[in-house]
Amino acid sequence: MLKLNIKNETSRLRAVVLGTAISNGPTPTIEEAYDPKSLEHIAAGTYPKEEDMTVEMQAFNDVFEKYGVTVFRPKVMENYNQIFARDIGFVIDDVFIKSNILPDREQELDAIQYVVDQINPSKVVRPHEEVHIEGGDVMLWNNYIFIGTYKGSDYKDYITARTNKEGVQYIKDLFPNKIIKEFDLVKSKIEARDNALHLDCCFQPVGENKGIIYKRGFREEADYLFLVKLFGKENLFHIDREEMYHMNSNVFSIDTNVVVSEKNFTRLNNWLRAKGFVVEEIPYAEIAKQEGLLRCSTLPLIRD
């Protein structure tokens with residue numbers, strides 16, 4: 001049995017699901033694009049190739065092996081995008097929550113069922129249909145659960161809005177002892193530089209008291225200021241619009257002092273090293289073209 005334990009984003013990682021780019025399928029049509037960044041690359045003819053993405057994910061897997069992390073991979077499904085494991089489920093404390101994802105991604109959950117089968121069934125939950133919540137919008141910070149959402153009255157018109165108010169309420173009901181803090185995120189269907197698809201596109205903690213943040217990803221300045229007050233301005237690395245577009249906040253922590261980052265994130269990686277972090281740099285720029293990066297590709301199961 002897998003004894004799940006996830007209380008924050010940065011404690012020593014022991015077990016994780018890492019997505020796969022094998023048999024990723026043909027380049028989607030413009031109509032099939034889920035997000036503005038994929039759309040941009042489909043239109044430009046620069047959409048990533050399977051072989052390039054497979055190499056990038058192997059590099060990520062190699063880092064996990066280096067640190068002795070147990071890695072589960074989804075069963076490969078023919079011609080199917082299974083890269084972003086974070087969307088399909090997430091763990092809070094010792095509970096595995098299956099996401100209500102976009103309907104045509106349901107098979108992604110089936111592909112990790114063999115992992116779910118190793119968890120105590122009483123610790124696996126699935127919200128009702130009207131509850132929308134994806135792992136990229138859920139971030140644990142000890143007693144806090146940060147949740148990205150979109151509160152606009154036009155929520156249903158945005159395929160880029162992935163977590164609704166029912167999703168926030170669901171987590172509040174499931175974890176009454178936690179402090180739930182929701183963040184209203186900026187969404188765009190057409191401009192990737194103005195679209196915070198998930199909370200981890202504009203904020204993520206690193207280490208024990210630091211974080212990476214993009215101020216303009218928040219619809220309400222008060223939400224941004226809440227994080228500045230909680231972490232301290234001197235502990236936050238502020239990224240700009242272009243860095244947000246390249247997903248600089250979507251790194252992944254293996255430990256409180258070890259961060260896996262994209263090798264082109266020069267300014268961020270230098271800052272992390274200056275703050276005492278070991279930065280494991282890998283190539284991930286092709287996968288980034290689908291508006292997801294390192295955190296999006298992982299579903300952590302056990303941290304110390």
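Residues numbered from 1 in each chain as written. Predicted model: local features only at pLDDT ≥ 70, side-chain atom pairs only at ≥ 80, totals over all residues. Heavy atoms only, no water.

Novice: Explain the nonpolar core to me, using residue names and the numbers behind them.
Specialist: By size, the foremost hydrophobic cluster in this structure holds 57 residues, and its most contacted members are Phe60, Phe64, Phe146, Leu199, Phe203, Phe218 and Ile254. If near-sequence neighbours (up to four positions away) are discounted, phenylalanine 60 is found in contact with Leu18, Phe252, Val260, Ile282, Tyr284, Leu294, Ser297 and Thr298. Residues Phe72, Val124, Ile147 and Ile302 belong to the second largest nonpolar core, which totals 36 residues. (Core = buried A, V, L, I, M, F, W, Y, C linked by side-chain atoms within 4.5 Å. Buried < 20%, exposed > 50% of the residue type's maximum accessible area, 1.4 Å probe, protein only. Contact = heavy atoms within 4.5 Å.)

Novice: If you had to explain unusual backbone geometry to someone new, which residues and values would you point to?
Specialist: Of note, the phi angle at serine 23 is positive, near 50°, even though the residue is not glycine. Of note, serine 23 is situated in the loop between strand S1 (13–18) and helix H1 (36–44). The exposure class assigned to serine 23 is buried, which follows from its relative accessible area of 11%. Look at asparagine 79: it is not a glycine, yet its phi comes out positive at around 50°. Within the element layout of this structure, asparagine 79 appears in the loop between strand S2 (70–72) and strand S3 (89–92). (Helix = DSSP H or I, 4+ residues; strand = E, 2+ residues; numbered from the N terminus.)

Novice: Tell me about the sheet that holds strand S11 (residues 236–238), and please be specific about residues and values.
Specialist: Strand order in the open sheet formed by three strands is S9-S10-S11, with mixed pairing between adjacent strands. The strands lining the two open edges of the sheet, one partner per strand, are strand S9 (203–206) and S11. Recorded for the sheet is a direction-independent mean angle of 20° between the axes of neighbouring strands. Looking at chain direction, S9 and strand S10 (residues 210–213) are connected through four bridges and run antiparallel. Residue valine 206 lies in a different strand from S10, and its bridge partner there is lysine 210. Relative to the sheet, helix H8 (residues 266–274) contacts S9, S10 and S11, its axis offset from that of S11 by approximately 165°. (Pairing = 2+ DSSP bridges. Axes fitted to C-alpha atoms, helices over the stretch in contact; angles between N-to-C directions.)

Novice: Outline the pairing of strand S15 (residues 298–303), listing residues and values.
Specialist: The buried count for S15 comes to six of six residues, which makes it a mostly enclosed element. Sheet topology places S1 next to S15; five bridges connect them, and they run antiparallel. Bridging across to S15, leucine 18 finds its partner in threonine 298.

Novice: Can you lay out the pairing of S10 for me, pointing to particular residues and giving the numbers?
Specialist: Burial along S10 is two-sided: the residues Lys210 and Ile212 and Gly211 and Ile213 are all buried. Linkage of S9 to S10, two consecutive antiparallel strands, is achieved through a turn of three residues, within which glycine 207 is found at a positive phi near 65°. Relative to S11, S10 runs parallel, the two sharing three bridges. When the sheet's bridge partners are listed, glycine 211 is paired in S11 with leucine 236. With helix H6 (residues 221–231) bridging S10 and its parallel neighbour S11, the resulting β-α-β unit is right-handed. (Right-handed = clockwise from strand over helix to strand, strands pointing away.)

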